[in-house]
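Here is what each chain is made of, one letter per residue.
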Amino acid sequence: MRRPLALLAGALLVSAFAAPATTASARADAAAGASAGAAARAVRGARAAGVGGDGGFTIEDPRIKESSGLAASRLHPGIYWTHNDSGYGPQIYAVDGRTGKTVATITLSGIGKPRDAEAISIGPGNQIYVGDIGDNLGGTWPYVWIYKLPEPKVLKDQTIRATQYVVKYSDGARNAESLVVHPKTGRVYIIDKNENGGHLFEGPAHLSATGANVFRPIAPVDLWATDAAFSPDGTQLAVRGYFGGIYYDWNGGRIKREGTLDVPLQGQGESVTYTIDGRKLLYGSEGADSPVQAKDAPGGAGGAKSPSGGGGSQASGESAKRGGGLDGGLKTGAVAVVLAALAVFGLRRLRRRG
């Protein structure tokens, strides 16, 4: 959907100055509390040997033209699951972070035709969740869907039967592009996409395949969110937008804003995931041969520097708490953000669905 360019640029400029500054984090390694068993062994092995993709990669598959979600596999370290946006079939793709090549295409059976798939996440037991939660008309569909399927143990082209869940919101239909599954509890959360900021919606403790699953708002999210991800230990929630990001202390679902993320400028940034060791955040974008760019995760083992990447002056902790000061992560500056908006959105159509 087209929107006035001046309005968009103004909104971006205001949001750039409104973001609070980020301070250096003393949080322990985000993967320290990873669950025992195969997932924990995979994390330790990834740290020892390095995981493909943790420095970024390019998605080379010509079929993936609108990558709209990203999830790091714990079962297959170095593999990242993604999928196309609306208008495509019920497929998800396993991409090798070392090469950017697709190593398996999974076709989902047992579901209807996807309408607007926008997000992908992996929960406990290596269960993959696909969020068919977009609404290009801004909240006109009375329900949306979530699909769940087991991650295949062998990476090859195959068809896997998925479970389809009907989702409704307690306060009416809305557009959303962010779905996350808590790695400890398996509870599913959605963040709606609203230019003025949205809300974190909590699903029932266990999804039901026989009735509607009502998601209820539990906390505001100060971002026009296009995707989100949990850290591997479930203690942090990272939320990204087109031109910025926020990370929260999960705090049992009573989220506390901790700072801003160093989100790279991308053509149409639609996805984010933590690497399985929690050290990096990978940011993806739509488009053919789309780049997936890596940044240090806040508080991760990438060093003690601010997640905003350094280079600019940092506000004190008190200033960050007050929300004062410019975020060092927006190192291109507010003017550059607006110029980028003119370049990116002035030459192409900014679609609601992404």
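The rules behind each value
Residues numbered from 1 in each chain as written. Predicted model: local features only at pLDDT ≥ 70, side-chain atom pairs only at ≥ 80, totals over all residues. Heavy atoms only, no water. Core = buried A, V, L, I, M, F, W, Y, C linked by side-chain atoms within 4.5 Å. Buried < 20%, exposed > 50% of the residue type's maximum accessible area, 1.4 Å probe, protein only. Helix = DSSP H or I, 4+ residues; strand = E, 2+ residues; numbered from the N terminus. Polar contact = N/O pair within 3.5 Å; in protein donor to acceptor, adjacent residues only side chain to side chain. Contact = heavy atoms within 4.5 Å. Pairing = 2+ DSSP bridges. Axes fitted to C-alpha atoms, helices over the stretch in contact; angles between N-to-C directions. Salt bridge = Lys/Arg side-chain N within 4 Å of Asp/Glu carboxyl O. Phe/Tyr/Trp six-rings, centres within 6.5 Å; stacked < 30°, edge-to-face > 60°. Lys NZ or Arg CZ within 6 Å of the ring centre and 35° of its normal.

Asker: Explain the nonpolar core to me, please; I cannot follow it from the model alone.
Answerer: Side chains that are nonpolar tend, in soluble globular proteins, to be buried together. Within the largest apolar cluster, 19 residues are counted, with the highest numbers of intra-cluster contacts made by Trp81, Ile92, Ile128, Val130 and Leu149. Core analysis: the second largest hydrophobic core is formed by 16 residues, Leu223, Ala228, Trp250 and Ile255 among them.

Asker: Mind showing me how you'd approach the side chain of aspartate 227 here?
Answerer: Tracing the sequence through the fold places aspartate 227 in strand 15 (residues 227-230). In this structure the side chain of aspartate 227 is engaged in a polar contact, spanning 2.8 Å, whose partner is the backbone nitrogen of valine 272. Excluding its chain neighbours within four sequence positions, the residues that come into contact with aspartate 227 are Gly69, Leu70, Ala119, Glu177, Ser178, Ala238, Val239, Arg240, Glu270, Ser271 and Val272.

Asker: When you look at the side chain of serine 271 in this model, what are you seeing that I'm missing?
Answerer: Relative to the elements of secondary structure, serine 271 occurs in strand 19 (residues 269-274). Excluding its chain neighbours within four sequence positions, the residues that come into contact with serine 271 are Ser68, Gly69, Leu70, Asp227, Arg240, Leu282, Tyr283, Gly284 and Ser285.

Asker: Could you clarify how one ought to interpret the pairing of strand 10 (residues 163-169) in this entry?
Answerer: Consecutive side chains along a regular strand alternate between the two faces of the sheet. Pairing geometry for strand 8 (residues 144-150) and strand 10, over five bridges, is antiparallel. Directly across from valine 144, in strand 10, lies its bridge partner valine 167. Relative to strand 14 (residues 212-221), strand 10 runs parallel, the two sharing four bridges. Bridge pairing links lysine 168 to valine 214 in strand 14.

Asker: I keep staring at the sheet that holds strand 9 (residues 158-161) and nothing clicks. Help me out?
Answerer: Pairing within the open sheet is mixed, and its five strands lie in the order 2-3-4-5-9. Each end of this open sheet is capped by a strand with a single partner; those strands are strand 2 (70-72) and strand 9. Neighbour-to-neighbour, the strand axes of the sheet open up by a mean angle of 30 degrees, direction not taken into account. Here four bridges tie strand 3 (residues 79-82) to strand 4 (residues 91-96), and the two strands are oriented antiparallel to one another. Looking at strand 4, one finds that isoleucine 79 is bridged to aspartate 96.

Asker: Is there a simple way to think about the pattern of salt bridges in this case?
Answerer: Side chains bearing opposite charge may pair, as long as their charged atoms lie close to each other. Taken as a whole, this structure holds 11 salt bridges when the rule is applied. Put simply, glutamate 177 and lysine 193 hold a salt bridge, and the shortest N to O gap is 3.0 Å. Of this pair, glutamate 177 sits in strand 11 (residues 176-181) while lysine 193 sits in the loop between strand 12 (188-192) and strand 13 (198-202), and the two are 16 residues apart along the sequence. A salt bridge links glutamate 202 to arginine 187, with the shortest nitrogen-to-oxygen separation between them at 3.6 Å. Of this pair, glutamate 202 sits in strand 13 while arginine 187 is found in the loop between strand 11 and strand 12, placing the two residues 15 residues apart along the sequence. By relative accessible area, arginine 187 is classed as partly exposed at 24%.

Asker: Mind showing me how you'd approach the sheet that holds strand 16 (residues 236-240) here?
Answerer: The pairing of strands in a sheet comes from backbone hydrogen bonds and takes either a parallel or an antiparallel form. Reading across from one edge, 15-16-17-18 is the order of the four strands in this open sheet, with antiparallel pairing throughout. Of all the strands in the sheet, just strand 15 and strand 18 (256-260) have a single pairing partner and so form its edges. Averaged over all pairs of adjacent strands, the angle between strand axes in this sheet comes to 25 degrees, irrespective of strand direction. As judged from the five bridges shared by strand 16 and strand 17 (residues 245-249), these two strands associate in the antiparallel manner.

Asker: I'm lost on unusual backbone geometry in this one. Help?
Answerer: Across the chain, the bulk of peptide bonds are trans and the bulk of non-glycine residues have phi less than zero. Although it is not a glycine, asparagine 251 sits at a positive phi angle of roughly 55 degrees. Relative to the assigned elements, asparagine 251 resides in the loop between strand 17 and strand 18. With a relative accessible area of 25%, asparagine 251 lands in the partly exposed category. The phi torsion at aspartate 289 lies on the positive side, around 50 degrees, for a residue other than glycine. Structurally, the position occupied by aspartate 289 is in the loop between strand 20 (280-285) and strand 21 (291-296).

Asker: Sorry if this is basic, but what is going on with the packing of aromatic side chains here?
Answerer: The description of an aromatic ring pair rests on the distance of the ring centres and on the angle between the ring planes. By the definition in use, this model includes seven aromatic pairs. Measuring from centroid to centroid gives 4.9 Å for tyrosine 189 and tryptophan 250, while their planes differ by 80 degrees, and the two rings are edge-to-face. Within this pair, whereas tyrosine 189 is found in strand 12, its partner tryptophan 250 is found in the loop between strand 17 and strand 18, the two being separated by 61 residues in sequence. Accessibility expressed as a relative area gives 5% for tyrosine 189, which makes it buried. Members of the aromatic cluster, each reached through a chain of ring pairs, are Tyr189, Phe230 and Trp250. In this arrangement the basic side chain of arginine 115 is found over the ring face of tryptophan 145, its NZ or CZ atom lying 4.6 Å from the centre.

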